[in-house]
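Structure at a glance
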Amino acid sequence: MAYWLLFFLIAFVALAHARAGIRTTSLVLGAVTLFYGVFGESWIAFGLMMIAGLIVFGPLNLPVLRQEWLSRPLFTGFRRVLSRLDERQLAALTGTGTGWEAELFNGQPDWSRFHESYSARLTPDERSLLDGPLAEFCSRYARDPETPAAHARLRAYGLHGLAVDGLHGGRDLSALAQSAALMRLSASAGSDLARRIGAPSRLAWIAALQRHGTPAQQSRWLPQLAAGANLQTIESGIAGDAVIEAGDEGPALLLTLDITLTADAEIVGCCVDLRDPEARLGPDAATGPTWLLLDAALLRDKRGPLRLPLEAVIGDREHIGEAARQGAESRAVADAISPIAIHAGSATALALAAGSLAKLHAPFGLSLGERSLAEEALATLAARATAAQALAALTARAVDLGEKPYAAAAFARTLGLAQARECTATARDLGLDQGLSARLVTDLDEPPSETLEPALVARTDVYSACVLRSHGAFMQALAAAQDPNPATALTRFDDALWSHVGHLFGTATQAFALGLTASSPLFGSSAPETQYLRKINRYSAALAFAADVGLSVMASELGSRKPYTALRAVREASRRSLTTWLGDALAQLYLASAALRQYDEGGAHLDERAVLELICTDAFSACEEALDRLIRHLSSPFLAWLTRRIVLPLGPSRRAPREATQRSVANQLQGDSRLRERLGERVGLPADASPWPLIDQALGLMRAGDAIEARAIAASVSRLSRHVPTRIDQTRDSGVIDEAEAQALRDWLAAVTRIQKPD
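This is a predicted model, so every value here is computed, not measured. (Residues numbered from 1 in each chain as written. Predicted model: local features only at pLDDT ≥ 70, side-chain atom pairs only at ≥ 80, totals over all residues. Heavy atoms only, no water.)

The phi torsion at Ala279 lies on the positive side, around 55 degrees, for a residue other than glycine. Within the fold, Ala279 resides in the loop between strand 4 (267-275) and strand 5 (288-295). We classify Ala279 as partly exposed; its relative accessible area is 41%. One non-glycine residue, Asp316, lies in positive phi territory at about 65 degrees. Along the chain, Asp316 falls in the loop between strand 6 (306-309) and helix 15 (323-358). (Helix = DSSP H or I, 4+ residues; strand = E, 2+ residues; numbered from the N terminus. Buried < 20%, exposed > 50% of the residue type's maximum accessible area, 1.4 Å probe, protein only.)

In total, this model carries 13 aromatic pairs according to the counting rule given. When the centroid spacing of 5.3 Å and the interplanar angle of 55 degrees are considered together, the rings of Phe411 and Tyr590 count as tilted. In this pair, Phe411 sits in helix 17 (residues 406-429) while Tyr590 sits in helix 24 (residues 577-601), placing the two residues 179 residues apart along the sequence. There is no split in this pair, since Phe411 and Tyr590 are both buried. The structure contains a cluster of three or more aromatic residues connected by ring pairs, namely Phe75, Phe78, Phe474 and Phe493. Directly above the ring of Phe364 sits Arg727, whose terminal nitrogen or CZ lies 4.2 Å from the centroid. (Phe/Tyr/Trp six-rings, centres within 6.5 Å; stacked < 30°, edge-to-face > 60°. Lys NZ or Arg CZ within 6 Å of the ring centre and 35° of its normal.)

Before going further, it helps to examine the pairing of strand 2 (residues 240-247). One ladder, built from eight bridges, connects strand 2 with strand 3 (residues 250-257); its direction is antiparallel. Pairing of Ala242 across the sheet is with Leu255, part of strand 3. Taken together, strand 2 and the strand that follows it, strand 3, pair antiparallel across an intervening segment of two residues. With four bridges connecting them, strand 2 and strand 4 associate as parallel partners. Bridging across to strand 4, Gly240 finds its partner in Val272. (Pairing = 2+ DSSP bridges.)

This next bit is on the pattern of salt bridges. Tallied over the full model, the rule gives 27 salt bridges. Between Arg663 and Glu375 there is a salt bridge whose closest N-O contact spans 3.6 Å. Placement of the pair is Arg663 in helix 27 (residues 659-670) and Glu375 in helix 16 (residues 372-400), with a sequence separation of 288 residues. Owing to a relative accessible area of 35%, Arg663 belongs among the partly exposed residues under this scheme. The class of Glu375 is buried, set by a relative accessible area of 17%. Here Arg674 and Glu608 are joined by a salt bridge, their closest N and O atoms 3.2 Å apart. Of this pair, Arg674 sits in helix 28 (residues 674-682) while Glu608 is found in the loop between helix 24 and helix 25 (609-632), placing the two residues 66 residues apart along the sequence. (Salt bridge = Lys/Arg side-chain N within 4 Å of Asp/Glu carboxyl O.)

Applying the stated criterion across every chain yields a total of three cavities of 30 Å³ or more. When its volume is computed, the largest cavity comes out at roughly 80 Å³. The wall of the largest cavity is formed by Thr386, Ala390, Ala595, Gln598, Tyr599, Glu608, Val611, Leu612, Ile615 and Arg682. Those elements giving two or more residues to the lining of the largest cavity turn out to be helix 16, helix 24 and helix 25. Classifying every residue of the lining of the largest cavity gives six nonpolar, two polar and two charged. (1 Å grid on protein atoms, 1.4 Å probe; cavity = no way out; pocket = protein on both sides within 12 Å on 5 of 7 lines; lining within 4 Å. Points joined across faces, edges and corners; volume = space filled by probe spheres on them. Nonpolar A, V, L, I, M, F, W, Y, C, P; charged D, E, K, R; others polar.)

Given below as structure tokens:
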């Protein structure tokens, strides 16, 4: 009998792994049962299995019975859950698209599609701009980017119009090229200058104009923005009221704003609450939050309400009341390009400077890189800079593919902020916040928030929308619930529900199997990059199964008919954190995918495996931690135990990076290596210490004085002073070195001092 049980188990696992439908599952299990009836040893067991199969699979294979007995009650509960969501949350779900994050969330990422779609190169025109005018600007104004001449040169080169199409005087760059340009500006001239031309709010309004603006609006505003006109945006909420009233040439706006203009504002972009109390636009016309673009001169001297034509609305009257949708879409495009690119440039500049400074030391002293505790910090800076570059390229490519990169923007914003904080803390631990490198650390500090909520707090709602939008079955059920025809709505919900049941068993089987085998070289290639890909597949399946469990728990809480008590309110609030942790896990898998893509595009060089290991090890550890937190907050102890056995069958495998790996990355960051070359190449910086000439000079003097220092140390003159200038004089007086060599040591010491105390 044990062999037959094993036979049934193998059949069930195979069906689950193949994610078979109800009919295929019924036929296969029915055939296995008949096979047992012919060759088995118990007619009673055969009869019981046949009766059980008819009871279970009979109604499931009859759509009428299945829909009435099972799907309709579940559909009613699903509608009750949707009624608990507000309009803003539903707009975030229906107004955004999906990309690679949905593949990862599905549990079966298509890697061939990923490498084909998300691999891209810059065009010759884009490359010539980066290597020509932009490189010239960076080399000329890297040390003093805030001079009037620098800003005049920005306008002369047309760098304010990176995102504007060529028809309206812009550079017409792809999102990938815009990201590369912002990285270069941030790395060479500083994040403040990069934000001046690539602020997310500025890019969002340009995207809104190009996607939704009328031809007249584009012809009026885009050339001004491409020429560098200062745009003041008010994104902290509703900036005022607008009422539709009669005008000489049709309906007009009576606008009341509560804003304070900056001294240099030339254009103002704001969101107003537009009302039409007399229905001048028609009885069914939309109203509500609406985006407006205004000439700042109209507001500067105006006191009281302002009368404007209806053309001030972005997209004219067809887009009235669409500020939420326009804002979500346009801001996602901007956030997928700008913040992470600016962070990547600053992080790379800091990492390269830290590597150069780590091998620099004063005469008769130790370099920072020779201290064991500094290796981990240097490796962290290199890994975070590499990860930021990879993430910036992947999210920008998502924009170029035409996606509405809501999830990509959220991951870029939150992961970039977390990386910036870690890099800043690490740099301060190394003492890089003082001396010549202080500006590089300052560039990584968190920029002023353009929204009311901090990014890491706002991710609760943002990640919830990302998770639900990436869940294919949920979105199909949502579309069914919005179908006005009750019959077709139930049919669509039934199809979504029962097709997803096979997906649920498939992800459970895949997660359990890969949890046992993904880390073993016996089940595939032992190449590190192949192992990381298999681990992403493993955590992707685990995430898909954990998401189904977690969302089911949330749905049961939201759809419950129990009295709404204070205790239940607390539990519901706790359950809603489940989507945040699902989003955290998904973001880490997205980051690991970006690192693998960059590694492959760079030629899969052996010298870059160490930094890839650091990135992926940290990402997988963070993914496991997020899944572990989700499991610990499930309401049912048995459900939590079962989920843990499937998702983490061998227990948590979170490990710190190996010391040898950290040492390898730290050494590469300090020497002439492919890692430094690739880091600098992506942001337009040379692999050596440039564009920091003081570091170049100090390193050159150190290399010239190494032999002199070694001879002075080997002479072991007794009772030498610990004061370096005095020690140099004592060594010269003893005859070990001559005056020219002593002067070389003094010049070396002076160069190091200028770096430590540039003022």
